[in-house]
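Residue strings, one per chain:
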Number of protein chains: 2
Amino acid sequence: MKIIKYPERKEWIDILKRPSLGDELVNENVLEVLNEVRKKGDLAIKHFTQKFDKVDLQNFVVSKAELDEASDLVDSTLKKCIEIARQNIEKFHSSQNSVRKVVETTPGVFCWQKSVAIDTVGLYIPGGTAPLFSTVLMLGVPAKLAGCKRIVLCTPPNKEGKVHPAILYTAKAIGLTEIYKVGGIQSIGAMAFGTETIPKVAKIFGPGNLYVTAAKQMIGMQGVAIDMPAGPSEVAILADKTCNPAFIAADLLSQAEHGPDSQVLLITCEESIIAPVQEQLDLQLQNLPRKDIAIKALENSKAIIVKSISEMLEIVNEYAPEHLIIATDQAMEMAEQVSNAGSVFIGNYSPESAGDYASGTNHALPTAGYAKGYSGVNLDSFMKKISFQQISKYGIFNIGPIIEKMAEAEDLLGHKYAATVRLKSIAND
Amino acid sequence: MKIIKYPERKEWIDILKRPSLGDELVNENVLEVLNEVRKKGDLAIKHFTQKFDKVDLQNFVVSKAELDEASDLVDSTLKKCIEIARQNIEKFHSSQNSVRKVVETTPGVFCWQKSVAIDTVGLYIPGGTAPLFSTVLMLGVPAKLAGCKRIVLCTPPNKEGKVHPAILYTAKAIGLTEIYKVGGIQSIGAMAFGTETIPKVAKIFGPGNLYVTAAKQMIGMQGVAIDMPAGPSEVAILADKTCNPAFIAADLLSQAEHGPDSQVLLITCEESIIAPVQEQLDLQLQNLPRKDIAIKALENSKAIIVKSISEMLEIVNEYAPEHLIIATDQAMEMAEQVSNAGSVFIGNYSPESAGDYASGTNHALPTAGYAKGYSGVNLDSFMKKISFQQISKYGIFNIGPIIEKMAEAEDLLGHKYAATVRLKSIAND
């Protein structure tokens with residue numbers, strides 16, 4: 001880790017800059033694949049699955065037999081853990097349900113807002129090195145809770161044309177049964193445009209590599225909503241002398257092991273904690289299987305020493321981390337002042353990995369500073385809000401003249417007349 | 001209006017298709033302007049303001065003197081109407097505030113979600129033929145309510161370098177004072193990247209033409225959130241024999257006058273209402289100042305006769321209109337079954353123009369079928385949700401083993417160890 005001491009405020013932007021991802025070429029390739037999928041449907045899916053996943057699949061629908069088989073391959077302890085995590089995620093996301101409130105804004109004018117499930121949603125679960133069955137929980141549980149009628153899951157096959165059993169088991173356990181062995185850009189295209197086999201969805205969720213993210217952003221320009229753009233994972237830790245250096249090091253490593261481009265920041269106003277954290281990092285690194293990845297990530301990472309607790313908060317709000325751990329004496333008070341972050345972990349016994357798996361909060365969170373404008377995935381992500389108004393005769397009598405005056409001032413006389421025709425009719429009653 | 005009788009379900013998609021907008025060329029031009037703004041800042045803004053708005057502005061900051069002057073130019077009745085509309089919008093959007101609920105998902109594991117205002121937001125108010133001061137209310141009131149710290153408003157100058165007084169007056173009335181006379185693509189670029197004068201914002205709101213929309217979508221790919229993509233305005237009306245044909249015609253025209261590409265749909269299972277509505281359309285068209293525009297819009301519009309009330313609902317949910325008026329006997333019951341729409345107007349005395357100006361609901365709504373996956377602008381649009389978790393020793397004792405097991409199954413041993421190191425420390429307590 002690079003140690004930065006008492007930086008001037010004007011240096012913050014440079015210090016907090018994420019490594020930028022060159023993407024001109026990525027975009028061109030992605031667009032090509034998307035266009036092929038749009039034009040050729042299933043045929044293009046087959047072609048790209050062969051090209052990118054190196055497997056020739058006759059059928060990319062996951063069968064009932066495959067789902068049943070997966071269940072036999074997952075050990076019972078893991079099944080129990082998945083069930084407890086599911087329950088916690090369900091409890092937390094249930095609490096996000098909004099209650100309908102009818103407001104009478106003017107006598108006779110009743111307005112309300114209603115959350116309605118998005119009919120058809122698509123969940124993308126990456127393949128790659130780790131079988132991310134936890135992401136199946138994070139996306140599938142709230143989609144089910146929201147009441148989405150059709151939930152499509154796409155995940156890439158391995159070279160044998162199979163999907164990791166933990167992914168299939170988890171999907172089935174939470175009631176997802178429409179699963180396709182399709183990954184990468186081609187799966188995003190399939191869910192965005194629809195193919196003969198895979199339905200077009202209204203919103204696509206889920207993490208992915210540079211290509212999947214670019215594909216999601218592009219289809220976002222073509223009528224399909226997306227959860228958020230996703231970049232490399234990141235954590236910022238605010239710590240003071242009450243922190244436990246071994247815990248801090250473990251948390252930094254749990255993030256650093258994600259990938260060489262993972263972002264790790266330690267921010268403190270107590271210089272004395274840096275050395276013990278470094279020591280613990282060196283110690284813990286030795287036993288880490290993904291040591292090489294973590295070392296690379298740590299090379300780009302920073303420990304920043306600032307002057308005060310308020311500066312710690314300011315700099316972290318400027319950075320807007322995906323995950324924020326607050327390991328300080330006044331962790332709760334500091335948490336109240338966080339304005340930009342995806343998910344916040346308060347106190348010494350709240351590791352980030354708790355939120356990744358089992359605390360109940362969602363782990364699909366905004367990275368790359370997007371936390372300034374975006375929420376992480378939550379129950380609302382699977383719903384849209386529709387507004388309603390019911391206006392009585394007395395109501396239009398009250399606001400009709402206001403509509404008339406304002407519409408006239410905007411030179412929209414048709415708008416005005418829609419009020420006038422009703423006011424006249426009431427006058428003649 | 002084209003009358004379509006009892007279409008087969010398989011014909012629906014074609015019937016409901018919106019006119020598509022060729023945009024290859026648009027995108028290229030937009031990208032060029034955005035890149036110039038990013039590279040050259042204020043200099044590019046000046047250049048494009050001269051090029052597109054035909055005015056050479058030395059300074060595009062709206063001064064306090066200009067704001068004061070605007071106030072003198074707005075008549076007092078309009079001021080009163082704006083104030084009542086403001087109050088209604090504020091009442092309705094205040095009701096959307098969410099309450100914090102702390103959930104103990106597992107003993108010792110406390111999770112909650114908090115809505116926090118987006119620090120810096122940008123509002124775009126189009127110029128063009130109509131001075132859309134109502135949009136200043138629709139975006140500015142909830143931004144203020146949410147508590148956004150910095151609210152930037154951009155709106156194009158006219159050829160004299162001025163902004164319509166109703167826009168400036170409304171902005172000032174609701175407490176917006178950072179106003180720039182910059183429009184079109186260049187204003188979106190300015191707010192996305194920041195210039196010497198205009199700050200970079202985290203989210204951009206507001207309607208606009210094809211170019212503005214394309215610019216918003218593109219900067220949406222570069223780290224700035226946007227409210228939603230916006231297309232031509234549209235209304236669908238569900239009517240039965242209890243409707244008032246004069247009201248229906250007025251509502252259709254109030255939409256049709258927006259632009260020749262506006263979308264108007266009338267859906268009914270009572271063929272007998274078509275003729276009187278047509279008659280009223282012909283009658284009311286005669287006095288409409290924007291008659292030519294409305295006639296063009298009506299040419300592309302459709303009256304669809306279906307077999308039943310349930311088919312009326314199915315077809316409208318498939319269309320996902322921006323505005324939906326329900327002028328039927330069972331309007332309220334039908335409203336409950338609407339799953340895809342931006343804003344719903346229930347009963348004969350709820351014209352769409354009520355929501356455009358004064359009922360309290362927002363008029364910034366998803367068009368082009370986006371209502372399937374997007375909400376209209378609401379209080380939440382100006383906030384993001386941050387999740388928090390506070391885990392006690394007892395809490396990590398309870399969920400630590402679950403984290404360990406799941407992390408191990410995902411081959412993320414660093415994640416596992418972040419739980420292990422805490423469990424060990426507790427065991428040694």
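Let me begin by describing the structure that accompanies this report. (Residues numbered from 1 in each chain as written. Chains lettered and ligands numbered in written order. Predicted model: local features only at pLDDT ≥ 70, side-chain atom pairs only at ≥ 80, totals over all residues. Heavy atoms only, no water.)

We now examine the overall build of chain A. The secondary structure content of chain A amounts to 17 helices and 14 strands. Considering only C-alpha atoms, chain A reaches an extent of 85 × 60 × 45 Å along its principal axes. Within chain A, the proportion of its 429 residues that are buried is 62%. Counting contacts in chain A only where the partners sit at least 6 residues apart, residues at least 24 apart contribute 74% of the total. Computed over 44 positive and 50 negative side-chain charges, the separation of the two mean positions in chain A equals 7 Å. (Helix = DSSP H or I, 4+ residues; strand = E, 2+ residues; numbered from the N terminus. Buried < 20%, exposed > 50% of the residue type's maximum accessible area, 1.4 Å probe, protein only. Contact = heavy atoms within 4.5 Å. Lys, Arg positive; Asp, Glu negative; His and termini not counted. Charge placed at Lys NZ, Arg CZ, Asp CG, Glu CD.)

Moving on, we get to the side chain of A:T49. Here A:T49 shows up in helix α3 (residues 42-53). For A:T49, the contacting residues outside a window of four places in its chain are A:K54, A:V55, A:L57, A:P157 and A:Q186.

A volume near 560 Å³ is recorded for the second largest pocket. Around the second largest pocket sit 27 residues that line it, and A:Q96, A:N97, A:S98, A:V99 and B:S98 are the ones nearest its centre. Among the elements of the structure, β3 (109-117) and β14 (383-391) of chain A together with β3 (109-117) of chain B are those that each provide at least two residues to the lining of the second largest pocket. Element by element, the count of residues in the lining of the second largest pocket is highest for β3(A), at four residues. Partitioned by chemical class, the residues of the lining of the second largest pocket number five nonpolar, twelve polar and ten charged. (1 Å grid on protein atoms, 1.4 Å probe; cavity = no way out; pocket = protein on both sides within 12 Å on 5 of 7 lines; lining within 4 Å. Points joined across faces, edges and corners; volume = space filled by probe spheres on them. Nonpolar A, V, L, I, M, F, W, Y, C, P; charged D, E, K, R; others polar.)

Between the two copies, chain A and chain B, the superposition gives an RMSD of 0.0 Å; the rotation angle is 180° and the shift along the axis is 0.0 Å. Those values place the two copies in the arrangement expected of a two-fold rotation axis. Proximity to the rotation axis, assessed at the C-alpha, singles out A:S98 in chain A; its C-alpha lies 3.8 Å from the axis. With an isologous cut-off of 70% or more, the 100% of interface residues of chain A that recur at the interface of chain B puts this contact in the isologous class. (Least-squares fit on C-alpha atoms with pLDDT ≥ 70 in both.)

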